[in-house]
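For reference, the chains in residue letters:
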Amino acid sequence: MRRALLITIGVVVSLLACRTTQPPGTENAPPIQDPAQKEAGQLVPAEPPGPAEPLPVPDAGTPP
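Bear in mind the structure is a predicted one, so any value in this text is a computation, not a measurement.

> Sorry if this is basic, but what is going on with the overall build of the chain here?
Regarding its fold elements, the chain presents one helix and zero strands. Counting only residues that meet the buried cut, the chain has 0% of its 64 residues in that class. Carbon together with sulfur atoms contributes 64% to the accessible area of the chain, which is approximately 6800 Å² in total.

What follows is the structure, given as structure tokens:
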């Protein structure tokens with residue numbers, strides 16, 4: 001009896017947990033913004049990156 005009750009509760013909880021929170025018809029809605037448009041901040045800059053090797057660091061004993 002206890003096992004049947006636990007199985008029933010598990011099935012009910014799983015059915016409620018798998019329900020969608022989106023209103024009906026949302027999956028067929030057109031996009032808000034055209035996907036081909038890109039923001040200016042998303043483009044890669046044309047200038048080259050920084051130095052390829054580490055910057056020289058003076059020794060601790062030598063004054064700059």
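> Just to check I follow, could you spell out helix H1 (residues 2–17) for this structure?
Since the α-helix advances by 3.6 residues per turn, residues separated by three or four positions end up pointing in the same direction. Across its 16 residues, H1 extends 22 Å between first and last C-alpha, which sits within 8% of the 22 Å expected from 1.5 Å per residue. For H1, the buried fraction is low: zero of the 16 residues fall into the buried class.

> Mind showing me how you'd approach a nonpolar patch on the surface here?
On the surface, Leu 5, Ile 9 and Val 13 cluster together to form a nonpolar patch covering roughly 270 Å² of accessible area. If you trace the backbone, Leu 5 turns up in helix H1.

What counts and how
Residue numbering note: each chain is counted from 1, following its sequence as written. In view of the model being predicted, local features appear only for residues whose pLDDT reaches at least 70, and side-chain atom pairs are presented and counted only at 80 or more, with totals across whole chains, interfaces and linings using the full set of residues. Processing note: side-chain calculations cover all non-hydrogen atoms of the structure and skip hydrogens and water entirely. By definition, any uninterrupted DSSP run of H or I lasting at least four residues is a helix, any uninterrupted run of E lasting at least two residues is a strand, and each is numbered from the N terminus. Burial status follows relative accessibility: with a 1.4 Å probe on protein chains alone, a residue under 20% of its type maximum counts as buried, one over 50% as exposed, and anything between as partly exposed. Accessible areas in this description were obtained via Shrake-Rupley with a 1.4 Å probe; residue shielding takes into account the shown protein chains only. A helix is expected to span 1.5 Å multiplied by its residue count minus one. A patch is a set of surface residues, each over 30% in relative accessible area and not in a salt bridge, joined within 9 Å for like charges and within 5 Å for the nonpolar side chains Val, Leu, Ile, Met, Phe, Trp and Tyr. Whenever Lys or Arg places a side-chain nitrogen within 4 Å of a carboxyl oxygen from Asp or Glu, that contact is recorded as a salt bridge.

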